[in-house]
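Each chain, letter by letter, is given below.
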Amino acid sequence: MTEKAAATDTTPAESAIAVVGMSGRFPGAPDLDTYWSNLLGGVCSVTDFTEDELLADGADAQEVRSRDYVPAKGFLPDADRFDAELFGFNRTEAAALDPQHRLLLQTAWAALEDAGRNPRGGSARTGVYVGGGSTEHMLAAATDPRLAASIGALQVRILTDREFLGPWISYRLGLEGPSLTVQTACSTSLTAVHLAVQSLLLGECDTALAGGVAVDTVRKRGYVHTQGGIFSPDGRCRPFDERAGGTVPGNGVGVVVLRRLSDALADNDPIRAVIRGSAVTNDGATKVGFTAPGVDQQTAAIVEAWAAAGLDPADAQYLEAHGTATALGDRVEAAAATAAFKGALGTGRIGIGSVKSNIGHLDAAAGVAALIKSVLMLEHATLVPNANAGRPHPGMAFADSPFHVVDRAAAWEEPELGPRRAGVSSVGIGGTNVHVVLEQAPGRAAAGEPDAGSVPEVLLLSARTREDLAALAGRLAAALRAPGAPSLADTAHTLRVGRAPMDVRGYVRAADLAGAAAGLAELAGGALTAGGLDPLGETWLSGGPAPEAGGGRRVSLPAYPFAGESFGAFDLTSRAARDERPEQPEEAGESGAGLEQAVRALLAEALGLEDADDPEMTYFAAGGDSLTAVHLVGCLRDDFDLDVPITLFLEQLTLHEMARRIAAARDGDDSLDALMSEFEAE
């Protein structure tokens, strides 16, 4: 991202929070650069499916051909792909792991990298505040007796239930701050941001990840429109428009990295925007029904957030609304916003829009999608249009309000007093209203000319595979060729301190950005070095650590190119097609070669291996852990009538040796102390 000019008001408020990193995947946008390009062009990224596509993906033919079926959605391609090995999951676990967990893990990793921070850097005081929606996968997995028999009912729940979204991130990335899974329906992810802000201000953590994910299914699906319902009859969402007829469901994921502004300034972090205040209210009983929105408490959320910021709503130039395009929802939100912003002088001075016109309604991820859109607009000093914008709805009464619907891209002029500011609103079924006050980032000290001098820098890269390394190098080469590219020194520094070292490594030695981009292109073509030999680079190639010494600042660079395989998702309609668990031999209770082979098959099934025939493969190397061990002890008792001590699974044994010992076992000691020791070791 290009750096913007300093704001006129650069005094950091004690309650200000910096957005230092972001990552997201949204309909039509696998990354935030594409997301911005689509927003800027007013692109509607809702996908219209053909009947053949829907049927091929398992949709019900009778439903698809019904009169009221709308074959449209904010679809997220490849939502079933996951880099399981990178996050320490074996194949069985990865297949059971809910797609929302998979996406959120990868997005959290990428957001930390965007902030210039090593995702495995052991950031002990980093909190996690995230939420998700209900999923087809979770329901199908929870009701599948074969899956429970394979890995255990408790493991199924831990791998699929949304209450574990936050803890999985904390566990796999080693983050020891508060870890909360938030749930407030459609306002979930913006509520998560509010809670993260409060946690930072209370000193409960020094860095926080906040956001949400919504993947109800990874399959191509439309929806059924009902007269008077919330869904659009034509597959398009037109907030505040005279043609508005309802919303369109969508899938996506987004995470922001937050720090106290004072800390971010002191550490010279890449600040993308500033949160000046936030507030949460609930409508209580002051509305016509449980699912209906209420004017008064939506107004209160806006007023309280701006008061927390020490500002007036009239200081805003833009409002990113919830904007579902439903008749009641839009009218209530317009009335609430008009009441809250009544102090803004001048009709139509404040722009208003909703990202749902571009990508549909992302449910638990809707708020963070809106927040990221607003941050990008502040960074680029540009207001982007509602997609498919037409004439404003006459029921919105915008003619006498401070708002105008943004219908074309326009420069966001800097105000006469103070920096650019925006409000972001989110409303949840059940009445939880959230509002966040955003402000453009303070100016960052200039880094000097990118190519000043001729002192070479060494860019250290690593990945899990050669293919990933090549993809990463290609992305980085493109970033260094782009306008506003970071300096070579900042790039080298960020790669040293802001990336997790992995096994496959390469480096580029260069004296300027052009040389670095050319060298990275060589790595993208399969080389491991470019630009000449360097002692630091050679140490890196041999497995040495990256030095933290050296000049430079953290900057935003391309994140890891996740390229995992497709793990699909459990589906209630396809259960019959899945393989039955192999029957155990009749003489399973007897020792011998037959029993040993059967035990190997059980181990392979639990660990997600094609077989357990590799004589060097150990239980832990295959992805085994204490919870799997508990499950296996139960299976061995129930299926083979063998009492095996759990301590056997805590030893560094090959699967061959483990199967041999199990087959010879008669009695054992289920040691709770040993189990707890193994938990602590993990």
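Coordinates for the structure precede this section.
Analysis parameters
Residues numbered from 1 in each chain as written. Predicted model: local features only at pLDDT ≥ 70, side-chain atom pairs only at ≥ 80, totals over all residues. Heavy atoms only, no water. Pairing = 2+ DSSP bridges. Helix = DSSP H or I, 4+ residues; strand = E, 2+ residues; numbered from the N terminus. Axes fitted to C-alpha atoms, helices over the stretch in contact; angles between N-to-C directions. Contact = heavy atoms within 4.5 Å. 1 Å grid on protein atoms, 1.4 Å probe; cavity = no way out; pocket = protein on both sides within 12 Å on 5 of 7 lines; lining within 4 Å. Points joined across faces, edges and corners; volume = space filled by probe spheres on them. Nonpolar A, V, L, I, M, F, W, Y, C, P; charged D, E, K, R; others polar. Expected span 1.5 Å × (residues − 1). Buried < 20%, exposed > 50% of the residue type's maximum accessible area, 1.4 Å probe, protein only. Salt bridge = Lys/Arg side-chain N within 4 Å of Asp/Glu carboxyl O. Patch = residues over 30% accessible without salt bridge, like charges linked within 9 Å, V, L, I, M, F, W, Y side chains within 5 Å. Areas by Shrake-Rupley, 256 points an atom, 1.4 Å probe, with all protein chains shown as cover. Lys, Arg positive; Asp, Glu negative; His and termini not counted. Charge placed at Lys NZ, Arg CZ, Asp CG, Glu CD.

Caption draft 1: Representation of the sheet that holds strand β12 (residues 318-320). Strands sit in the order β7-β6-β8-β10-β1-β11-β18-β17-β12-β13-β15 across an open sheet of 11 strands; the sheet is mixed. The two strands at the open ends of the sheet, each matched to only one other strand, are β7 (179-181) and β15 (403-405). The sheet shows a mean angle of 25 degrees between the axes of neighbouring strands, taken without regard to direction. In the sheet, strand β13 (residues 350-353) pairs with β15 via three bridges, with the strands oriented parallel. Considered in β15, the bridge of I352 is made with V405.

Caption draft 2: Inspection of the environment of L54 at higher detail. Along the chain, the position of L54 falls in helix α2 (residues 51-56). Taking C-alpha positions, L54 is 8.1 Å from G222, a pair spaced 168 residues apart along the chain. Among residues more than four places away in sequence, those in contact with L54 are F49, A59, V64, Y69, P71, K220, R221 and G222.

Caption draft 3: Main features of empty space enclosed by the protein. Scanning all chains against the criterion turns up six cavities of 30 Å³ or more. Counting residues per element, the lining of the largest cavity draws most heavily on strand β19 (residues 457-463), which supplies three residues. Broken down by class, the residue content of the lining of the largest cavity amounts to 11 nonpolar, one polar and two charged.

Caption draft 4: Seen up close, helix α12 (residues 295-308). The first and last C-alpha atoms of α12 sit 20 Å apart over 14 residues, in line with the 20 Å expected at 1.5 Å per residue. Of the residues making up α12, those classed as buried are Q298, T299, A300, A301, I302, A305 and W306. Those residues of α12 that are buried lie in contact with β11 (273-282), α13 (327-340), β17 (421-427) and β18 (432-440). Looking one or two residues beyond α12, the residue adopting positive phi is G310, at roughly 70 degrees.

Caption draft 5: Structural view of the pairing of strand β8 (residues 207-214). Burial of β8 is extensive: eight of the eight residues sit out of reach of the surface. Burial along β8 is two-sided: the face carrying T207, L209, G211 and V213 and the face carrying A208, A210, G212 and A214 are both buried. In this sheet, β8 lies alongside strand β6 (residues 126-132) in parallel orientation, the contact comprising seven bridges. What sits directly across from V128, in β8, is L209. The sheet contact formed by β8 and strand β10 (residues 252-260) spans eight bridges and is antiparallel. The partner of G212 across the bridge, within β10, is G254.

Caption draft 6: Focus on the pattern of salt bridges. This model, assessed by the stated rule, comprises 31 salt bridges. The salt bridge partner of E85 is R464, with a shortest N-O separation of 3.5 Å. With E85 in the loop between β5 (81-82) and α4 (91-96) and R464 in the loop between β19 and α16 (466-481), this residue pair connects regions lying 379 residues apart in the sequence. Here D267 makes a salt bridge to R259, at a shortest N to O gap of 2.9 Å. On the basis of relative accessibility, which here comes to 7%, the residue R259 falls in the buried class. Three or more residues joined by partner-sharing salt bridges are found here, namely R117, R259, D267, D269 and R554.

Caption draft 7: Here's a closer look at the side chain of T207. Checked against the element boundaries, T207 lands in strand β8. Discounting residues that sit within four places of it in the chain, T207 has contacts with R125, T126, G127, L200, V257, L258 and R259.

Caption draft 8: Highlighting a negative patch on the surface. Side chains of E610, D611, D614 and E616 sit close together on the surface and give a patch of like negative charge. With respect to the helices and strands, the residue D611 is situated in the loop between α20 (593-607) and α21 (626-640). The exposure class of D611 is partly exposed, given its relative accessible area of 39%.

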